[in-house]
Amino acid sequence: MSGQDGDRPDPAGGAPRTDDDKDDKKDEELKYEDDGRLDESGAFSAREREQRQENLRRLHQAGGYIGANFTMPGDGARAYSADNINIFGAGPEERPQSILLSQDELDRLAPEHVASCETLVALDTLVPGAVLGTWGPPGSGRKTVALAGLVRFARRQSGGANVALLHVGDNPRRLRAGDLTAGTAYLVDAGSAEWTRTRNEAIFLHLVRLAQQTKTAIVVVLSDRALLTPEQRARYVHAHVAPSAIEVFERCLVFGLRHEDPRVAAAARTLAANPRVRAELGPDARPGEGAALAHAFLSRIRAGARPEDILDDVLDEQPQRLRERAAGLLRGTDPQAGESPAHHHRRLVYQRSFLLALAVLDRMPLTVVNTVAVRLAEMTAVPAPERLTGDELWSAFDQMSPDWLKYAQAEIDDGWGPWDRRVRFRDAHLGGKILEAAWQDHPLLREPFMVLLEGLCQNADLDVRMAGAQAVGKLATFDYAEVEARFLRPWIASNRVLSHWSAAWALESAAFEPRFAVRVKRQLLSWATESLARRSVAVRAFGTTLGLTFIDDALLGLRRIAASPALSRAVVQSLHELFVAGAHVQVVTELSSWARSGDERLAGVAAETLRWLAPARAGAGDELPLLLTMLADGDRPELVVHLWRNAIAEPLLRGRTWTALLEWVGIADDNPHLIGVVGGLVADLAQDPPVRHALRFYMTWWGTRAISRQTTLTLLAYLDGRDLR
């Protein structure tokens, strides 16, 4: 749409806005049936966040962005998946950036913890100024081995060297000598980037020139679909030879148990010799499968289980075993003794409908799951003859909930109290495999199941809607085009905010699979400058784990969307979510730039966001607000002060801003060691005479109603310029 007549610049600095966006002038064009998530305490959004993430862990099992393998922002947006390291870095409009490996990561890549293979031997030829490539399929350990080779190179250099992940985006030619540091070894994860599937000799020559100019070493990791000339293969690129999965398994166990009781560690090491483990990790198994199996054992052992007691359970929970179990449950069982064909058919319809309903609504109230199961059974059952006789006769009394639970390998979850009977799979990850088997193995189920999901995603209950949308996202990983046409496009075209939330949850779920993550991120970034409905979906998706994973892109998108008054409240909510979920430094830095931008809308959104961030805690048990902790720790204190100054300057929010500041003053009153921190903030704010006058009024007033006389006098001393810090 850009480039048409009538385009006008985006006040947030993004792509041009077009006449298609005039709908943001009418707030009422978006229907807010139930959008009150940003409550005063933040408890509502916290509960929603926890429920959403728990659902994703169950649906997607290992290998996603959340859970035991997810690394929160602040470490350069790295996500660990099996023995591979997935690197997500700068957006398309930013300079290439590098992320140094931490000492823990360097220890993990030490020679004794990485399985040996021919690729490591080839990487031993690395010298300063050299560029080498390695190519292979996902799950083959190509990135881990490449990083291990770089660590070995770094240790060979006099005085050692750093190892860094280098993100070059879609165009490696943007990389300049100034982006590299002498004495550092770099890994470029090209993966399946578009430039690897076209003639790329010039790119390799560009990297070689930079490596020689800066005396660095670069390893480029490519997929097995990369287009390479015979000369490139001979000169630069080695075919990755994967280490054995069983060796990867054993070395991952050794590293994971290095701090455990030696007896526990010794018992765990014997697992590699167990016949069942060796059969699971046979010759065709990839290194990633070995690392994933080791992680499964480690999580149980660290929780206190003995290795010999968990062998069967862990192996039965492996993805392939779970898939086989799911397929078997959906196929049904043989008739029971004396059971007529009609009764057998009807019993299986209800039991399998319950199974599929629970796959979507795991850990929901039993009455809800039963209701959905009955609805699905009625949609999928073959109509019975009008007149039933003999063995065909049946009644509602013939279908019993305990039988459904037993068939689905489920149980009542007692952790919710006596008044809330919820049901769950005994194996938490079975539900995702049920959805996979139902979609891939039973084509006639697709239509009634999609009709069912459409209803769940419009349900009045938030938890049901969320679970339904996340299941839609899971189905998108099997057939994105079908799910996009049936669910995502109608939701995105709707003016109902409930539909936009469903789209955001579904996209987050789909992007939980690494192969869809970048595609979804690019789509959202594009929507940030398009119609109001698309911006409404994007702003909500940016407040999920998608925003955490691609934090720089999310903040760029939110900056663009903040220019729309119809969505300013949603922008505040997403920034609040990102802040409490771990991206507090990035959020504060971004908001400070909004406050200084000279754009009244951006400054206003920054002021409103500060009011919500001021009392926000990172966790339910945290005593101090996260923003106050940042100030006390000296973490970007000048940015925090600037946000307060901007909020106080906003006339429409000034009263509520003083209320937020009162909470901090009250906390300092109860915690004397923080009086200097809050006093320093007061002193900095008082540099503006009108603000100093208002501060004196409020401090004096609060001193008669809310805080002690001693705290009042101390803060007034800071106000008068007597810095007592």
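Every chain's residues receive numbers from 1 upward, in the order its sequence appears when written. A pLDDT threshold of at least 70 governs which residues receive local features in this predicted model, and a stricter bar of 80 or more applies before side-chain atom pairs are shown or counted, although totals over entire chains, interfaces and linings include all residues. Side-chain calculation: all heavy atoms of the structure are included, whereas hydrogens and water are not.

**Focus: the overall build of the protein chain**
Our working definition: A run of H or I in DSSP counts as a helix once it spans at least four residues, and a run of E counts as a strand once it spans at least two, with each numbered from the N terminus. Accessible area is worked out with a 1.4 Å probe on protein chains only. A residue is then buried under 20% of its type maximum, exposed over 50%, and partly exposed in between. Between two residues, a contact is recorded if the distance between any of their heavy atoms is within 4.5 Å.
Helix and strand counts for the protein chain come out as 33 helices and ten strands. Every one of the 725 residues in the protein chain was classed for burial, and the buried ones make up 54%. The contacts of the protein chain with a sequence gap of at least 6 include a subset with a gap of at least 24, amounting to 72%.

**Quick notes on the packing of helix H18 (residues 462-476) against helix H20 (residues 497-511)**
Which entries qualify depends on this criterion: For helices, the fitted axis covers only the stretch in contact; all axes are lines through C-alpha atoms, and the angles between them, taken along N-to-C directions, range from 0 to 180 degrees. The labels follow the angle: roughly parallel below 35 degrees, roughly antiparallel above 145, roughly perpendicular from 65 to 115, and oblique for the rest. Left-handed describes a crossing in which the near helix is turned anticlockwise from the far one by less than a right angle; the clockwise case is right-handed.
At their nearest, the axes of H18 and H20 sit 7 Å apart, and the two run at 45° to each other. When the interaxial angle is binned, H18 and H20 end up oblique. As H18 runs across H20, the sense of the crossing is right-handed. Contact residues: Leu 462, Arg 465, Met 466, Ala 469, Gln 470, Val 472, Gly 473, Lys 474 and Ala 476 in H18; Leu 498, Ser 502, Trp 505, Ala 506, Ser 509 and Ala 510 in H20.

**Topic: the packing of aromatic side chains**
This is how it is decided: Between 30 and 60 degrees the pair is tilted, below 30 it is stacked and above 60 it is edge-to-face, where a pair is any two Phe, Tyr or Trp rings, Trp via its six-membered ring, whose centres lie within 6.5 Å.
Scanning the model with the defined rule gives 13 aromatic pairs in all. Centre to centre, the rings of Tyr 698 and Trp 702 are 5.6 Å apart; their planes meet at 40°, and the pair counts as tilted. In this pair, Tyr 698 and Trp 702 both sit in helix H32 (residues 689-705), four residues apart, roughly one turn of the helix. Pair check on accessibility: Tyr 698 and Trp 702 agree, each one buried.

**Thoughts on helix H21 (residues 514-527)**
Applicable threshold: Here, expected helix span is obtained from the residue count minus one, scaled by 1.5 Å. Arc definition: directions from the helix axis to the C-beta atoms.
In this model H21 runs 21 Å from its N-terminal to its C-terminal C-alpha over 14 residues, within 8% of the 20 Å that 1.5 Å per residue would give. Looking only at H21, the buried set comprises Phe 516, Ala 517, Val 520, Lys 521, Leu 524, Leu 525 and Trp 527. Looking down the long axis of H21, one finds its buried residues gathered within 165° of arc, a one-sided arrangement. On the buried face of H21, the contacting elements are H18, helix H19 (480-493), H20, helix H22 (532-541), helix H23 (545-549) and helix H24 (551-561).

**Focus on the pattern of salt bridges**
Short version of the rule: Should a side-chain nitrogen of Lys or Arg be within 4 Å of a carboxyl oxygen of Asp or Glu, the pair is scored as a salt bridge.
Tallied over the full model, the rule gives 30 salt bridges. With a shortest N-O distance of 3.5 Å, Arg 58 and Glu 54 are connected by a salt bridge. Here Arg 58 and its partner Glu 54 are both found in helix H1 (residues 43-60), four residues apart, which amounts to about one turn of the helix. For Arg 58, a relative accessible area of 6% gives the class buried. Residue Glu 54 is classed as partly exposed on the basis of its relative accessible area of 29%. Between Arg 321 and Glu 324 there is a salt bridge, and its shortest N-O distance comes to 3.4 Å. Of this pair, Arg 321 and Glu 324 are both found in helix H12 (residues 319-331), three residues apart, which corresponds to roughly one turn of the helix. What emerges from the salt-bridge pattern is a single network uniting Glu 54, Arg 57, Arg 58 and Asp 362.

**A few points about unusual backbone geometry**
At Lys 215, a position not held by glycine, the phi torsion is positive, near 60°. Residue placement: Lys 215 occurs in the loop between helix H5 (201-214) and strand E7 (217-222). Judged by relative accessible area, which is 56%, Lys 215 ranks as exposed. Residues other than glycine seldom take positive phi values, yet Gln 409 does so here, at roughly 55°. Note that Gln 409 resides in the loop between helix H15 (401-407) and strand E9 (410-413). Exposure remark for Gln 409: the relative accessible area of 21% places this residue in the partly exposed category.

**So, the pairing of strand E4 (residues 131-135)**
Rules: Only strands joined by at least two bridges in the DSSP assignment are considered to pair.
Extensive coverage of E4 is indicated by the burial of four of its five residues. In this structure, E4 lies alongside E7, joined through five bridges in parallel fashion. Its bridge partner being in E7, Thr 134 is matched across the sheet by Val 221. Summarising the sheet, E4 and strand E8 (residues 237-239) pair through three bridges and their orientation is parallel.

**Section: the confidence of the model for the protein chain**
Convention followed: Along the chain, pLDDT gives the predictor's confidence residue by residue, from 0 to 100.
Taken as a whole, the protein chain shows an average pLDDT of 82; of its residues, 84% reach a score of 70 or greater. Note on residues 1-28: pLDDT is under 50 here. Beyond four places in sequence and across chains, it has 52 contacts. A low-confidence stretch, residues 62-93 (pLDDT under 50), is modelled with 95 contacts involving residues beyond four sequence positions or located in other chains.

**A word on the nonpolar core**
Where we set the bar: Definition used in this section: a nonpolar core is a set of buried Ala, Val, Leu, Ile, Met, Phe, Trp, Tyr and Cys residues joined via side-chain atoms within 4.5 Å.
With 153 residues, the main nonpolar core has Phe 354, Ile 434, Phe 579, Trp 594, Trp 644 and Leu 695 as its most contacted residues. Here this core takes eleven residues from helix H13 (residues 341-361), the largest share from any one element. Counting 25 residues, the second-largest nonpolar core is a separate cluster that includes Leu 106, Leu 123, Ala 146 and Ala 148.

**Describing helix H4 (residues 142-156)**
In a regular helix each residue adds 1.5 Å, so 15 residues correspond to 21 Å; H4 covers 21 Å between its end C-alpha atoms and thus fits that length. Along H4, twelve of the 15 residues are buried, which leaves the element largely enclosed by surrounding structure. Of all the residues in H4, the buried ones are Arg 142, Lys 143, Thr 144, Val 145, Ala 146, Leu 147, Ala 148, Gly 149, Leu 150, Val 151, Phe 153 and Ala 154.

**Observations regarding the packing of H13 against helix H16 (residues 430-441)**
How we decide: Under the scheme applied, nonpolar residues are Ala, Val, Leu, Ile, Met, Phe, Trp, Tyr, Cys and Pro; charged residues are Asp, Glu, Lys and Arg; polar residues are all the others, including Gly.
As a packed pair, H13 and H16 sit with axes 8 Å apart at the nearest point and diverge in direction by 125°. In terms of orientation, H13 and H16 fall into the oblique class. H16 is crossed by H13, and the crossing has left-handed handedness. On H16, the residues that touch Leu 355, Leu 356, Ala 359 and Val 360 of H13 are Gly 431, Ile 434, Leu 435 and Ala 438. Residues that form the contact of H13 with H16 fall into these classes: seven nonpolar, one polar and no charged.

**As for the environment of Leu 488**
Among the structural elements, Leu 488 can be located in helix H19. For the pair Leu 488 and Ala 469, spaced 19 residues apart in sequence, the C-alpha separation works out to 9.8 Å. Excluding residues that lie within four positions of it along the chain, Leu 488 makes contacts with Tyr 480, Val 483, Ala 503, Ala 506 and Leu 507.

**What to know about the environment of Tyr 407**
Along the chain, Tyr 407 falls in helix H15. In this structure the C-alpha to C-alpha distance between Tyr 407 and Arg 352, which are 55 residues apart in sequence, comes to 8.2 Å. Sequence-distant contacts of Tyr 407, that is, excluding residues within four places in its chain, are made with Gly 328, Leu 329, Gly 332, Thr 333, Leu 348, Gln 351 and Arg 352.

**A closer look at the environment of Asp 284**
Considering the arrangement of structural elements, one finds Asp 284 in the loop between helix H9 (275-280) and helix H10 (287-302). The class for Asp 284 is exposed, based on a relative accessible area of 76%. Residues Asp 284 and Ala 245, spaced 39 residues apart in sequence, show a C-alpha to C-alpha distance of 8.5 Å.

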